[in-house]
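Fold and geometry: a report
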Amino acid sequence: MAVFRDHLVLEDLVEEMKQQSPALSFGPLQRDGHIAVQGPFPALRVLRDFLLLKAKSLPEEDKRERKPHQRPRRKLQEHRGAAEMRNSTRNAQREKQVLVLDTDVYLYMKHFHAKALQRNDAVISGVTDGDITTVCIESAADAQGLKAKKMIENYSVELQKILRKERICFKEPTRAGKQRLRQLCERLKAHYPRVLIIPYDTHLDLVGTSADVFGFTEEVKRLSR
């Protein structure tokens, strides 16, 4: 956590991490900036990506390694002040909440729990970048946005506990071979309606409960022989 020491209050950042990742267990923050975190791998991965996004948002010149007496505290404070003024002007119109989710969890939620991402009092949108999806919640009042964020967080935590992903690679790289496998999976969906099929150019990802994904995969192997 030491990389954030000159830019953020580490204790506040840890609290934000705890809110962002309720499925994880956090140890005490050490004086050297280290903190121990335990929990399920998907939640750890989301936390890692959340911190990477935080690090990327730091001023470019402050990302380079500096000696202790070279820390630009005054410049940072001025930067914060300007940012706060811009944020206060924007927030006067709409309040914004941001949430980082595992992409598989987000897509599963969007498909099977769409109501969690649809509200009359808030505009919810997601931007996917590889394994993570950044969810933006805009609302007229802060309480509405926080309520929507909390509900999405709760869904995410519960889904992370039960979801599993299995990858099925295309054995036949031809268009016809890929189409046959896709059609087979579409037929099997009638028997496994809670499995989400995510298509890619080189493979298909199956997301669902352990039992459903295992059964689905075994059926694909049996019928592909």
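Refer to the structure above for everything that follows.
Let me sum up the structure you'll find in this document. (Residues numbered from 1 in each chain as written. Predicted model: local features only at pLDDT ≥ 70, side-chain atom pairs only at ≥ 80, totals over all residues. Heavy atoms only, no water.)

1. A closer look at the overall build of the chain
- The number of helices and strands found in the chain is seven helices and eight strands.
- Looking at the chain as a whole, 36% of its 225 residues are labelled buried.
- When contacts within the chain are restricted to residue pairs at least 6 apart in sequence, long-range pairs at least 24 apart make up 60% of them.
- Accessible surface for the chain amounts to roughly 14,300 Å². Of this, 51% is attributable to carbon and sulfur atoms. (Helix = DSSP H or I, 4+ residues; strand = E, 2+ residues; numbered from the N terminus. Buried < 20%, exposed > 50% of the residue type's maximum accessible area, 1.4 Å probe, protein only. Contact = heavy atoms within 4.5 Å. Areas by Shrake-Rupley, 256 points an atom, 1.4 Å probe, with all protein chains shown as cover.)

2. As for the pairing of strand β4 (residues 122–129)
- Where β4 meets strand β5 (residues 132–139), eight bridges bridge the pair, whose relative direction is antiparallel. Looking at β5, one finds that A122 is bridged to S139.
- Between β4 and β5, which pair antiparallel one after the other, the connecting turn spans two residues, and G130 there sits at a positive phi close to 70°. (Pairing = 2+ DSSP bridges.)

3. Some points on helix α7 (residues 210–223)
- With 14 residues, α7 ought to run about 20 Å at 1.5 Å a step, and its terminal C-alpha atoms sit 20 Å apart, in line with that.
- Of all the residues in α7, the buried ones are V213, G215, F216, T217 and V220.
- Of the surrounding elements, those touching the buried residues of α7 are β6 (163–169), α6 (175–188), β7 (196–199) and β8 (203–209). (Expected span 1.5 Å × (residues − 1).)

4. Some points on the pattern of salt bridges
- Applying the stated rule across the entire model yields 12 salt bridges.
- Between K161 and E158 there is a salt bridge, and its shortest N-O distance comes to 3.5 Å. Residue K161 and its partner E158 are located together in helix α5 (residues 142–162), separated by three residues, close to a single helical turn.
- Judged by its relative accessible area of 59%, K161 is exposed.
- On the basis of relative accessibility, which here comes to 45%, the residue E158 falls in the partly exposed class.
- The closest approach of N and O atoms between R222 and E219, which form a salt bridge, is 2.9 Å. Placement of both R222 and E219 in helix α7 is noted, with a separation of three residues, approximately one turn of the helix.
- Here the residues in one salt-bridge network are D104, K165, R167 and D205, joined through shared partners. (Salt bridge = Lys/Arg side-chain N within 4 Å of Asp/Glu carboxyl O.)

5. What to know about the sheet that holds β5
- Read from one edge of the open sheet, three strands run β3-β5-β4, paired in antiparallel fashion. Where the open sheet ends on each side, the last strands, each with one partner, are β3 (95–102) and β4. Averaged over all pairs of adjacent strands, the angle between strand axes in this sheet comes to 20°, irrespective of strand direction.
- Lying on the sheet, helix α4 (residues 103–112) is in contact with β3, β4 and β5; it crosses β3 at an angle near 110°.
- Where α5 meets the sheet, it contacts β3, β4 and β5, and its direction lies at approximately 10° from that of β3. (Axes fitted to C-alpha atoms, helices over the stretch in contact; angles between N-to-C directions.)

6. Quick look at the nonpolar core
- Formed by 20 residues in total, the largest nonpolar core has its most connected members in L101, Y108, M109, I124, V135, I137 and I152.
- Elements with a contribution of two residues or more to this core: β3, α4, β4, β5, α5 and β7.
- With five residues, α4 is the single largest residue contributor to this core.
- For I124, the residues in contact, after removing those within four places along its chain, are A116, L117, Q118, R119, V135, C136, I137, A148 and I152. (Core = buried A, V, L, I, M, F, W, Y, C linked by side-chain atoms within 4.5 Å.)

7. Here we look at the sheet that holds β6
- Within the open sheet, the three strands sit side by side as β6-β8-β7. Their pairing is antiparallel. Pairing within the sheet leaves two strands with one partner each, and these edge strands are β6 and β7. Recorded for the sheet is a direction-independent mean angle of 20° between the axes of neighbouring strands.
- Note: β7 against β8, four bridges, orientation antiparallel.

8. So, α6
- Between its first and last C-alpha atoms α6 spans 20 Å; for 14 residues at 1.5 Å apiece the expected length is 20 Å, and the two agree.
- Inspection of α6 places G177, L181, L184, C185 and L188 among the buried residues, and these make up the whole buried set. In an axial view of α6, the angular spread of the buried residues amounts to 95°, which keeps them on one side of the axis. α6 presents R175 and R187 as exposed residues on the side facing more than 90 degrees away from its buried surface.
- Packing partners of the buried residues in α6 comprise β6, β7, β8 and α7. (Arc of directions from axis to C-beta.)

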